[in-house]
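Reading the structure
Listed below, chain by chain, are the residues.
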Amino acid sequence: MKTAEAVLQEARMKGVKIACAESCTGGMVSSALTDIAGSSDVFNGSAVTYSNEAKMKILGVKEETLKQFGAVSSECAIEMAEGALRVFDSDYAVSTTGIAGPDGGSESKPVGTVWFGFASRNGKSNSLMKKFQGNRGEVRTSAVRFALCELLKIIHE
């Protein structure tokens, strides 16, 4: 994936380290980055936290956040990214949490809804939500592509 190569190149140019926290993408963002030889010079690590328990234990997502907003939310995505930043001692982190389908959606959070969290060592955190079309594989692939494109923009800033 050319975007993954660009992320790694940009991180090298800036001298920064990156990390991931993934739920609905199940490690696909990390895989796209680590499929490229030499990625270990800027990629510190990733956590696939599919369950709420894992999000809390590994990344430090607050139980109150999950109860009040759910795992598929801006708040959870940000806490996941901030957790990855801390756990992997990185400069930038991206997280994904969503509903890839084919089941599990609701009226307020339909299948294809994915929240992305971004955190940086300078204390800036934000989130974005996208609704992707297609089957489970297509939603996940689209989410990976979007996560990498946005991570590239943030590192480049």
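Scroll up a little and you will see the structure.
Bear in mind the structure is a predicted one, so any value in this text is a computation, not a measurement.

1. Quick word on helix 6 (residues 136-156)
Taking 1.5 Å as the rise per residue, helix 6 with 21 residues should run 30 Å; its terminal C-alpha atoms sit 30 Å apart, in good agreement. Taken together, the buried positions of helix 6 are occupied by V139, S142, A143, V144, F146, A147, L148, E150, L151, I154 and I155. N-capping of helix 6 is provided by N135, with a side-chain oxygen placed 3.0 Å from the backbone N of G137.

2. Digging into the packing of helix 1 (residues 2-14) against helix 6
Where helix 1 meets helix 6, the closest approach of the two axes is 9 Å, and the angle between their N-to-C directions is 20°. By the criterion of interaxial angle, the relationship of helix 1 to helix 6 is roughly parallel. Seen along the crossing, helix 1 lies across helix 6 with a hand that is left-handed. In contact with T3, A4, A6, V7, E10, A11 and K14 of helix 1, helix 6 contributes L148, C149, L151, L152, I155 and H156.

3. Considering the packing of helix 3 (residues 52-59) against helix 5 (residues 74-87)
Remark: helix 3 packs on helix 5, axes separated minimally by 9 Å, with the N-to-C direction vectors making an angle of 40°. Taken together, the axes of helix 3 and helix 5 are oblique relative to one another. As helix 3 packs across helix 5, the resulting crossing turns out to be left-handed. Counting all contacts with helix 3, which are made through K55, I58 and L59, the residues of helix 5 involved are C76, E79, M80, G83, A84, R86 and V87.

Criteria and cut-off values
All residue numbers refer to position in the chain's written sequence, counted from 1. With the structure being a predicted model, the display of local features is reserved for residues of pLDDT at least 70 and the display and counting of side-chain atom pairs for 80 or more, all residues being used for whole-chain, interface and lining totals. In computing side-chain properties, one takes all heavy atoms of the structure into account and sets aside hydrogens as well as water. Strands here are runs of E lasting at least two residues and helices are runs of H or I lasting at least four, both read from the DSSP assignment and numbered beginning at the N terminus. Every helix has an expected span of 1.5 Å times one less than the residues it contains. Throughout, exposure labels follow a simple rule: accessible area from a 1.4 Å probe, protein chains only, divided by the maximum for the residue type, with under 20% read as buried, over 50% as exposed, and the rest as partly exposed. Whenever a nitrogen or oxygen atom comes within 3.5 Å of another N or O atom, the pair is scored as a polar contact, on the condition that within protein one atom can donate a hydrogen and the other can accept it, and that pairs from neighbouring residues in sequence are kept only if both atoms are in side chains. As a rule, the C-alpha atoms of each element are fitted with a line to give its axis, helices using only the stretch in contact, and angles between N-to-C directions run from 0 to 180 degrees. The cut-offs work like this: below 35 degrees is roughly parallel, past 145 is roughly antiparallel, 65 to 115 is roughly perpendicular, and the gaps in between are oblique. The hand of a helix crossing depends on one turn: near helix anticlockwise from the far one by less than a right angle means left-handed, and clockwise means right-handed. Residue contacts follow a heavy-atom distance rule, with two residues in contact if any of their heavy atoms lie within 4.5 Å.

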